[in-house]
Amino acid sequence: MNKLFSSCPRGHEELLKRELQDIGATACQIVQGGVSFEADDKTLYRSLLWSRLASRIFLPIAEFDIYSDLDLYSCVLNLNWTNIFNVDTSFMIHFVGTNDFIRNSQYGALKIKDAIVDVFSRKMAERPNVVKDNPDIRIHAFLVKNRITLSLDLSGESLHQRGYREKTGEAPLKENLAVAIIQRSGWQYDQVCIDPMCGSGTLLIEAAMMAANIAPGLKRKNWGFLAWKNFNATLWNEVLFEAKEQIKPVTTPFVGYDNDAQVIKKAKQNANKAGVGQYVDFVVQDVTQLTNPYPDQIGLIISNPPYGERLESEPALIALHTTLGQRVKHFFGGWHLSLFSAAPQLLDCLQMRADRIFKAKNGPLDCVQKNYYIAKRDNTNSLDNIIPATDFANRLRKNSLKLAKWAKQEGIECYRLYDADLPEYNVAIDQYKDKVVVQEYAAPKTVDMAKAKQRLFDIINATMSVLALNANQLILKSREKQKGKKQYQSLAQKQDFFLVNEYNAKFWVNLTDYLDTGLFLDHRIARKMLGDLTKGKDFLNLFAYTGSATVYAGLGGAKTTTTVDMSRTYLEWADRNLKQNGLTGKNHRIIQADCLFYLRESSEQFDIIFVDPPTFSNSKRMSNTFDVQRDHLDLMKNLKRLLRPNGVIMFSNNKRGFKLDYMGLKELNLQAEDISEKTISLDFKRNKQIHCCFMIKHCAG
């Protein structure tokens, strides 16, 4: 009788124990990370061939206490390795664990390797090869404190590698994890099984193999026991023959959908290699088109839906999960649903109550599996369309109806739809042509993070429903105060630019790659006013960003325009904006420079100056820090030097509570008019402090 140990993913030990008992193993005991058991030779081979849940199966060779690295070497040297494998066999050591004298696993593996090689050298005057890849024999060493266990890995490659899936393009689910998900779903072999987001098809292929009684290891070519001296080839062939004889035909329908044709092609290839290609129907279809192909039967919907690591991916995923919930409730009454996810909050978008919940690991990821019963209901001709966050949805709908009509009359395509109108729904929502940006304001530390996250999901769901958006039309951003170089931070590299109209101007915007979009919507009226002021004038745009103010000045007939910013990225963007509006040639200069340095060193003169500085900057590219409240008088002093008599400075900034130093301006012989109210358009009327804006001129006389 062989004493063995089978490892498995954490949390699946009880499932593995039952499986090994069904195979014929005895004395099964759960230990952390696996199951110890006993088996005769035939059951040993059957456990390797038939276990769908095991990761590896080990045959312990020896166990002993060690108190130094020399102890480790000596104990291994005293084992008769020539009785385990031949000298012409390659091997490797996999070492796990450390202690006071075995400080790293590589050193522990080296000491064991040296001892094994020395055994062969002394007995046979030859030594076996040590290799890192595809060895004939794998020795597993497990060290806990001073106790070490040496085992022969009978598996070779991990048992989850059935042999039907290419190593490249690794799927998110290992095959043995897929089996655990299937078993926990409660699926019965005679039930229809559908995966609406099947990817490479692992869940359905494993389920079909179970239904067809195909041994999971039947396609494997390499095993860890083939070079073992005690390998019984006759008995192994008998186990293989019996497994082939036990395969049975399947009448249960299996259906997998995915919206990627290449992924579906790979799933079909995998199913064919696994021997179940004729049983699984893989179809190119998006989850938004999901209906029940077997309305007269009862079955299971099972899936591992995608999850996102970046905030920008969440709108699409929220929409996907919401749509899935709506469609299964409408079309699959009486069925069961089982979803395995690394993002449990996304499952809340289903708006369904789980009957059972299992926690599990997928590699390093904490995951959850939720099982649902889909209640039967009287279906109508339209899908359920329950909009969460009703108060928010109603406010957004009201705003949208009002502002869309206003924007059309004004001739603008970009405007604010919502700006934290309701305190509990703390976001800003901006329309950019046919796309929408949801900007999440940072929640106070007193707000529960899980609650804030769920509220954001509700906002996105409601926004997509009220505005009838597709997933790719909504962009989610986290809105925080940006300082210094963060204001120029790049988020992505999609280069997803598109043109928008604003009055008589055209601008390139990018909603995904940067913290800002390229167009500050609240400065719309101020830009338009500049266009009315600049005909025949020399115009300077300082801290110019993407040059939108310059575009208005140029379209207004400015004699010359000068656009200054320290960011090459934004100046290239400004150049595109100018060219798009036909503003080219030597009369339209673009200068990359620290704006404060340019102010100190320039001796040019301008009639109209627009300056919209950052609230604060400590960028390394600027010679000094800048604080608009602290430094605005110095800024005005330098601007005055560049301003012609009767010239005008339009000074704008976004600092809340900004206080202009009127007395200081008077000492500079400048007078200011607060025009903030005049520059705030209808879509920003709720937020009177969105910006402040002043017209500054030389004092009369």
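Small disclaimer: the values here were computed from a predicted structure and weren't measured.

**Observations regarding the overall build of the protein**
Right, so step 1: Within the protein one finds 18 helices and 29 strands.
Right, so step 2: Viewed in the frame of its principal axes, the protein has a C-alpha envelope of about 110 × 70 × 45 Å.
Right, so step 3: Across the 701 residues that make up the protein, the buried fraction comes to 54%.
Right, so step 4: Across the protein, 92 positive and 78 negative side-chain charges occur, with their mean positions spaced 4 Å apart.

**Considerations on the environment of leucine 422**
Right, so step 1: Following the sequence through the fold, leucine 422 ends up in the loop between strand 15 (414-419) and strand 16 (427-432).
Right, so step 2: Along the sequence, leucine 422 and aspartate 391 sit 31 residues apart, while their C-alpha atoms lie 8.3 Å from each other.
Right, so step 3: If sequence neighbours within four positions are ignored, leucine 422 has contacts with Asp391, Phe392 and Arg395.

**Re the state of the cysteines**
Right, so step 1: Tallied over the entire structure, the rule returns 0 disulfides.
Right, so step 2: Distance from the sulfur of cysteine 367, which forms no disulfide, to the nearest cysteine sulfur (cysteine 8) is 16 Å.
Right, so step 3: Take cysteine 367: its relative accessible area is 7%, and that puts it in the buried class.
Right, so step 4: Of the cysteine sulfurs around cysteine 693, a residue in no disulfide, the closest is that of cysteine 692, at 7.9 Å.
Right, so step 5: Judged by relative accessible area, which is 0%, cysteine 693 ranks as buried.

**Quick word on the packing of aromatic side chains**
Each pair of aromatic rings is reported with the distance of its centres and the angle of its planes.
Right, so step 1: Enumeration according to the criterion identifies 27 aromatic pairs in this entry.
Right, so step 2: Ring geometry for phenylalanine 85 versus phenylalanine 120: centroids 5.1 Å apart, planes at 40°, classification tilted. In this pair, phenylalanine 85 is assigned in the loop between helix 3 (69-77) and strand 5 (91-96) and phenylalanine 120 in helix 4 (residues 105-124), connecting sequence segments 35 residues apart.
Right, so step 3: Phenylalanine 120 gets classed as buried once you look at its relative accessible area, which sits at 0%.
Right, so step 4: Taken together, a centroid distance of 5.3 Å and an interplanar angle of 40° make the contact between tryptophan 187 and tyrosine 189 tilted.
Right, so step 5: With relative accessibility at 41%, the residue tyrosine 189 sits in the partly exposed group.
Right, so step 6: Grouped by ring-pair contacts, the aromatic residues Phe497, Tyr514, Phe520, Tyr545, Tyr570 and Trp573 constitute a single cluster.
Right, so step 7: Above the face of the tryptophan 223 ring, arginine 220 is positioned so that its terminal group lies 4.4 Å from the ring centre.

**Regarding the sheet that holds strand 1 (residues 2-7)**
Right, so step 1: Read from one edge to the other, the open sheet built from 7 strands follows the order 2-3-1-4-7-6-5, with strand pairing classed as mixed. Two strands lie at the open edges of the sheet, namely strand 2 (26-31) and strand 5, each paired on one side alone. In this sheet, neighbouring strand axes are inclined to one another by 30° on average, regardless of whether the strands run parallel or antiparallel.
Right, so step 2: As paired strands, strand 6 (residues 137-144) and strand 7 (residues 147-153) are joined by 6 bridges and run antiparallel to one another. Residue pairing for strand 7: isoleucine 139 is matched across the bridge by leucine 152.
Right, so step 3: Here helix 1 (residues 13-23) sits on the sheet in contact with strand 1, strand 2 and strand 3 (34-39), set at roughly 170° to strand 2.
Right, so step 4: Sitting on the sheet, helix 2 (residues 41-50) touches strand 1, strand 3 and strand 4 (56-65), and the angle it makes with strand 3 is about 145°.

**Re the sheet that holds strand 27 (residues 643-653)**
Right, so step 1: In spatial order, the strands read 23-22-21-24-27-29-28; together these 7 strands make up an open sheet with mixed pairing. Edge positions in the sheet fall to strand 23 (588-592) and strand 28 (670-674), since each has one partner strand and no second. Direction aside, neighbouring strands of the sheet carry axes that sit 15° apart on average.
Right, so step 2: Two strands pair when backbone bridges link them, and strand 28 and strand 29 (residues 692-698) are joined in this way by 5 bridges, in the antiparallel orientation. In the sheet register, alanine 672 faces strand 29, and the bridge partner there is isoleucine 696.
Right, so step 3: Along the sheet, helix 14 (residues 548-555) makes contact with strand 21 (538-542), strand 22 (560-565), strand 23 and strand 24 (606-611), crossing strand 21 at roughly 170°.
Right, so step 4: Those strands touched by helix 15 (residues 568-580) are strand 22 and strand 23, and its axis lies near 170° from that of strand 23.

**Looking at the pairing of strand 24**
Right, so step 1: Among the 6 residues of strand 24, 6 are classified as buried, and the element is accordingly described as predominantly covered.
Right, so step 2: Note that strand 24 and strand 27 share 5 bridges and pair parallel. Bridge assignment links valine 611 to a residue of strand 27, and that residue is phenylalanine 651.

**Some points on a nonpolar patch on the surface**
Right, so step 1: A cluster of nonpolar residues, Val96, Phe142 and Val144, forms a patch on the protein surface that exposes about 220 Å² of accessible area.
Right, so step 2: Among the secondary structure elements, valine 144 is positioned in strand 6.
Right, so step 3: With relative accessibility at 43%, the residue valine 144 sits in the partly exposed group.

**Things to note about the environment of asparagine 2**
Right, so step 1: Positionally, asparagine 2 belongs in strand 1.
Right, so step 2: Residue class for asparagine 2 comes out buried when judged on its relative accessible area of 14%.
Right, so step 3: What asparagine 2 contacts, discounting residues up to four positions off in sequence, is Phe37, Glu38, Ala39, Asp40, Asp41, Leu44 and Leu59.
Right, so step 4: A distance of 2.8 Å separates polar atoms of two side chains, one belonging to asparagine 2 and the other to aspartate 41.

**Quick word on the packing of helix 2 against helix 7 (residues 233-245)**
Right, so step 1: Put simply, helix 2 and helix 7 touch, their axes get as near as 9 Å, and they point 50° apart. The pairing of helix 2 with helix 7 is recorded here as oblique in orientation. Seen along the crossing, helix 2 lies across helix 7 with a hand that is right-handed. Facing helix 2, whose interface residues are Asp41, Lys42, Tyr45, Arg46, Leu49 and Trp50, helix 7 presents Leu235, Trp236, Glu238, Val239, Leu240, Glu242 and Ala243.
Right, so step 2: Taken together, the residues of the contact of helix 2 with helix 7 break down into 8 nonpolar, no polar and 5 charged.

**Details of the packing of helix 11 (residues 390-410) against helix 12 (residues 449-466)**
When two helices pack together, their arrangement is given by the angle between their axes and by how far apart the axes lie.
Right, so step 1: Where helix 11 meets helix 12, the axes come as close as 9 Å, and the angle between the chain directions of the two elements is 40°. Classed by the angle they form, the pair helix 11 and helix 12 counts as oblique. When the axes of helix 11 and helix 12 are compared, the crossing they make is right-handed. Between helix 11 and helix 12, the contacting residues are Phe392, Ala393, Leu396 and Arg397 on the first element and Ile459, Ala462, Thr463 and Val466 on the second.
Right, so step 2: A class-by-class count of the residues in the contact of helix 11 with helix 12 yields 6 nonpolar, 1 polar and 1 charged.

So, how was this worked out
Residues numbered from 1 in each chain as written. Predicted model: local features only at pLDDT ≥ 70, side-chain atom pairs only at ≥ 80, totals over all residues. Heavy atoms only, no water. Helix = DSSP H or I, 4+ residues; strand = E, 2+ residues; numbered from the N terminus. Buried < 20%, exposed > 50% of the residue type's maximum accessible area, 1.4 Å probe, protein only. Lys, Arg positive; Asp, Glu negative; His and termini not counted. Charge placed at Lys NZ, Arg CZ, Asp CG, Glu CD. Contact = heavy atoms within 4.5 Å. Disulfide = S-S within 2.5 Å. Phe/Tyr/Trp six-rings, centres within 6.5 Å; stacked < 30°, edge-to-face > 60°. Lys NZ or Arg CZ within 6 Å of the ring centre and 35° of its normal. Pairing = 2+ DSSP bridges. Axes fitted to C-alpha atoms, helices over the stretch in contact; angles between N-to-C directions. Patch = residues over 30% accessible without salt bridge, like charges linked within 9 Å, V, L, I, M, F, W, Y side chains within 5 Å. Areas by Shrake-Rupley, 256 points an atom, 1.4 Å probe, with all protein chains shown as cover. Salt bridge = Lys/Arg side-chain N within 4 Å of Asp/Glu carboxyl O. Polar contact = N/O pair within 3.5 Å; in protein donor to acceptor, adjacent residues only side chain to side chain. Parallel < 35°, antiparallel > 145°, perpendicular 65-115°, else oblique. Left-handed = near helix turned anticlockwise from the far one by under 90°. Nonpolar A, V, L, I, M, F, W, Y, C, P; charged D, E, K, R; others polar.

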